[in-house]
Amino acid sequence: MEQGGVGAYARPDMTRAARQGAGEVIYGEGKTAEQVAAIARALMAGGQPRVLATRVSAEKAAAVEAIWAEGGAVGRTTSAAPAPAPYSEASRSESPEGHPVYYPEARLLVFGSMPVPDGDGIVAVAAAGTSDLAVAEEAALTAQFLGNEVRRFYDVGVAGIHRLLDVADELREARVVVAVAGMEGALASVVGGLVSAPVIAVPTSVGYGASFGGVTALLAMLNSCASGVSVVNIDNGFGAAFQASAINHLNARAAFASGDCGSPTAEAAPA
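In every chain, residue numbers begin from 1 and rise along the written sequence. Local features in a predicted model are, by the rule used here, given only for residues with pLDDT of at least 70; side-chain atom pairs are given and counted only at 80 or more, and totals for whole chains, interfaces and linings are based on all residues. Values reported for side chains reflect all heavy atoms of the structure, with hydrogen atoms and water molecules removed beforehand.

### Section: the environment of Glu-24
No. 1: Along the polypeptide, Glu-24 turns up in the loop between helix H1 (16-20) and strand E1 (26-27).
No. 2: Residue classification places Glu-24 among the buried positions, given a relative accessible area of 17%.
No. 3: Note: C-alpha distance between Glu-24 and Leu-52 (28 residues apart in sequence) is 8.2 Å. Helix and strand assignments come from DSSP, with helices taken as H or I runs of at least 4 residues and strands as E runs of at least 2, each series counted from the N terminus. The rule is simple: take the accessible area with a 1.4 Å probe, protein chains only, and divide by the maximum for that residue type; under 20% is buried, over 50% is exposed, in between is partly exposed.

So this is what it looks like as structure tokens:
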């Protein structure tokens, strides 16, 4: 398998997209700005159309800007409001090809432009409260990066159950629902009882003392009595989005496996 070494610290996986339908993603925490930039460059030089780096601080993103290729300024999106729920050409990040765009609320750095959605349906991201938005946006933007149409439903927690019921019909239109919640984590179970689609629950570390940094929500979600609810790690919006994207691209991957099309999520593959 083709691998590309970067110094003595990284061996970017150039064939992961062919094996898994999506390329390697850079986990930004614990890496220097120089390492993030070098790995991204290597992946793109290896043929990846775009690269995603997660858990990147604003300071690190600024440092990546300083060392990126000449003219490679990092574009910044506003964190004041989420992107429009339905996908549109206007919602795509406009930046010179390969140059990174930073999303501060989600702490994501995207090298290249977001792809046109090519999934089987809609990925819905439902967040219980405004305090959960950082994790929810990590999930929503990762799903968009992986080639999915994403619809956001924020501040629909069970404390005001009418807000969730108001959007229940829209949630039922989704092929996959990502439910993000802290505190007691009840949102995932309620959503699981409302929709027929798979529900991927994301516990967050939001809450007071006995929430134990998200462990309470994690255990509640793992013990959900609603069928069809699966759970990822605490604050792992990326992992939930990756799983949701895999479900939403099952038909495309089946067609690829049977030889009916050229490449599974070719435009959507991250690096």
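There's more to say after this.
### Here we look at the packing of helix H2 (residues 33-45) against helix H3 (residues 58-67)
No. 1: Fitting a line to C-alpha atoms yields each axis, with helices limited to the stretch in contact; the angle taken between N-to-C directions then spans 0 to 180 degrees. Two elements in contact, H2 and H3, have axes separated by 8 Å at closest approach and are oriented at 60 degrees. The orientation of H2 relative to H3 falls into the category oblique. As for how H2 packs across H3, the hand of that crossing is right-handed. Each of Ala-33, Glu-34, Val-36, Ala-37 and Arg-41 in H2 lies in contact with H3, whose residues at this interface are Lys-60, Ala-63, Val-64 and Ile-67.
No. 2: Under the scheme applied, nonpolar residues are Ala, Val, Leu, Ile, Met, Phe, Trp, Tyr, Cys and Pro; charged residues are Asp, Glu, Lys and Arg; polar residues are all the others, including Gly. For the contact of H2 with H3, the class distribution of residues is 6 nonpolar, no polar and 3 charged. An angle counts as roughly parallel when it lies under 35 degrees, as roughly antiparallel when it exceeds 145, as roughly perpendicular when it falls between 65 and 115, and as oblique in every other case. It is the rotation of the near helix from the far one that decides the hand of a crossing: anticlockwise by less than a right angle makes it left-handed, clockwise makes it right-handed. Contacts are residue-level and defined by heavy atoms, with any inter-residue pair within 4.5 Å sufficient.

### Re the pairing of strand E2 (residues 51-54)
No. 1: Taking every second residue as pointing to the same face, both faces of E2 are buried, with Val-51 and Ala-53 on one and Leu-52 and Thr-54 on the other.
No. 2: For two strands to be treated as a pair, DSSP must find no fewer than two bridges joining them. Bridging between E1 and E2 involves 2 bridges; their strand directions are parallel. Considered in E2, the bridge of Ile-26 is made with Ala-53.
No. 3: Whether a crossover is right-handed depends on one test, that the path from the first strand over the helix to the second runs clockwise when the strands point away from the viewer. Handedness of the crossover is the feature at issue here: the chain leaves E1, passes through H2, returns alongside E2, and the resulting connection is right-handed.
No. 4: Two strands pair when backbone bridges link them, and E2 and strand E5 (residues 108-111) are joined in this way by 3 bridges, in the antiparallel orientation. Bridged to Ala-53 within E5 is Leu-109.

### Things to note about the packing of aromatic side chains
No. 1: Here is the rule: rings of Phe, Tyr and Trp (six-membered ring for Trp) pair when centre to centre is within 6.5 Å. Planes less than 30 degrees apart are stacked, more than 60 are edge-to-face, and the remainder are tilted. Evaluation of the coordinates by the stated rule reveals 1 aromatic pair.
No. 2: Between the aromatic rings of Phe-238 and Phe-242, the centroid separation amounts to 5.9 Å while the plane-to-plane angle is 50 degrees, which identifies the pairing as tilted. A residue pair is termed a helical-turn pair when its members lie 3 or 4 positions apart in one helix, as Phe-238 and Phe-242 do in helix H9 (residues 237-248) at 4 residues.

### Overview of the layout of surface pockets
No. 1: Buriedness for pockets is judged along seven lines, at least five of which must meet protein on both sides within 12 Å for an open set on the 1 Å grid over protein atoms alone, while cavities are sets there where a 1.4 Å probe fits but cannot get out, and lining residues have an atom within 4 Å of a point. Grid points are joined across faces, edges and corners, and a volume is the space filled by probe spheres set on the points. By volume, the second largest pocket amounts to about 210 Å³.
No. 2: Lining of the second largest pocket is provided by 17 residues; of these, Ala-128, Gly-129, Gly-182, Met-183 and Glu-184 occupy positions nearest its centre.
No. 3: Broken down by class, the residue content of the lining of the second largest pocket amounts to 8 nonpolar, 6 polar and 3 charged.

### A word on the sheet that holds strand E8 (residues 176-181)
The strands making up a sheet associate through backbone hydrogen bonding, with each pair oriented either parallel or antiparallel.
No. 1: Taking strand neighbours across the sheet as the criterion, the 5 strands line up as E7-E6-E8-E9-E10 in an open arrangement whose pairing is parallel. The open sheet has two edge strands with one neighbour each: strand E7 (149-154) and strand E10 (229-231). If you compare each strand with its neighbour and ignore which way they point, the axes differ by 25 degrees on average.
No. 2: One ladder, built from 3 bridges, connects strand E9 (residues 199-203) with E10; its direction is parallel. In the sheet register, Val-199 faces E10, and the bridge partner there is Val-229.
No. 3: The strands touched by helix H4 (residues 133-145) within the sheet are strand E6 (122-127), E7, E8 and E9, with E7 carrying the most contacts at an inclination of about 165 degrees.
No. 4: Against the sheet, helix H8 (residues 215-222) contacts E8, E9 and E10, and its axis sits at roughly 160 degrees relative to E9.

### As for the pattern of salt bridges
As a working rule, side chains carrying opposite charge can pair if their charged atoms are close by.
No. 1: Any Lys or Arg side-chain nitrogen located within 4 Å of an Asp or Glu carboxyl oxygen qualifies as a salt bridge. Across all of its chains, the model carries 9 salt bridges by this definition.
No. 2: Put simply, Arg-175 and Asp-120 hold a salt bridge, and the shortest N to O gap is 3.7 Å. Here Arg-175, found in the loop between helix H6 (168-171) and E8, pairs with Asp-120, found in the loop between E5 and E6; they are 55 residues apart in sequence, far enough to count as distant.
No. 3: Using a relative accessible area of 33% as the deciding quantity, one classes Arg-175 as partly exposed.
No. 4: Put simply, Asp-169 and Arg-172 hold a salt bridge, and the shortest N to O gap is 2.7 Å.

Any functional reading would require information beyond the geometric quantities listed.
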